[in-house]
Each structure stands twice: as C-alpha cells, then as structure tokens.
Amino acid sequence: MPHHPRIAATLAAAALLGACGAKEDLKPPANQPAPVVPIGANRAPTTEELTTPDAQARPARSDELLKRSEQREPDDFDLPPPG
C-alpha cells in the first residue's frame, strides 16, 4: 500500500488549510479606490449592511397551526392525470 502516506499527507494539508480562515472584520484593500455608491443611495453601504441577508433571502418561518378545518373551494384546473 504505497498510497497511504500520500493520502494521509493530503488529508492533513486539507485540514490545515481549512482551519486558517480569518476571524476579523472585513476591511477594504489598501491603496484601492472606495466602492462606488449605488444609484439612488446617499452613501456607500457598510460591511455589515452588505453581509446581512434581507427578508427575501431569509424568510421568517410561520408556525401557525390550523385552527379549524375548512372546505376547499373548487379548482377548475385540478384535473386527474391523463390516461
């Protein structure tokens, strides 16, 4: 089994690279122009605003239970499968 050391080295390298993520706030690169202000905005959005998902990206969960049963209205397009 000559491939065991190579596989172990590859897995170790992948584990080390996966653990080196940055844990600090995002900052714009040095000596680069500031991002452009979006059309219609008074100022450029902050890092927090850019990384916070809006309501459409993360809709709220509805846990409302069915309070009473209701008869469905007839649906003209609810047809049986052909055949």
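Not measured: the values here are computed from a predicted model. (Residues numbered from 1 in each chain as written. Predicted model: local features only at pLDDT ≥ 70, side-chain atom pairs only at ≥ 80, totals over all residues. Heavy atoms only, no water.)

Engineer: Hey, could you run me through the overall build of the protein chain in this one?
Structural biologist: Within the protein chain, the regular secondary structure consists of two helices and zero strands. In the protein chain, which comprises 83 residues, the proportion classed as buried is 0%. Within the structure as shown, the protein chain displays about 9,200 Å² of accessible surface, and the carbon and sulfur contribution to it stands at 58%. (Helix = DSSP H or I, 4+ residues; strand = E, 2+ residues; numbered from the N terminus. Buried < 20%, exposed > 50% of the residue type's maximum accessible area, 1.4 Å probe, protein only. Areas by Shrake-Rupley, 256 points an atom, 1.4 Å probe, with all protein chains shown as cover.)

Engineer: Could you clarify how one ought to interpret the pattern of salt bridges in this entry?
Structural biologist: On inspection of all chains with the given rule, the structure shows one salt bridge. Its salt-bridge partner being Arg43, residue Glu49 comes within 2.8 Å of it at the nearest N-O pair. Overall, the relative accessible area of 48% leaves Arg43 in the partly exposed class. (Salt bridge = Lys/Arg side-chain N within 4 Å of Asp/Glu carboxyl O.)

Engineer: Which parts of the structure should I look at to understand unusual backbone geometry?
Structural biologist: Positive phi outside glycine occurs at Asn31, with the angle close to 60°. The residue Asn31 is located in the loop between helix H1 (4-18) and helix H2 (47-51) in this model.

Engineer: Quick question: what am I supposed to make of the environment of Pro38 here?
Structural biologist: Inspection of the secondary structure assignment puts Pro38 in the loop between H1 and H2. Accessibility expressed as a relative area gives 36% for Pro38, which makes it partly exposed. Ignoring sequence-local partners within four residues, the contact set of Pro38 consists of Arg43, Ala44 and Pro45. (Contact = heavy atoms within 4.5 Å.)

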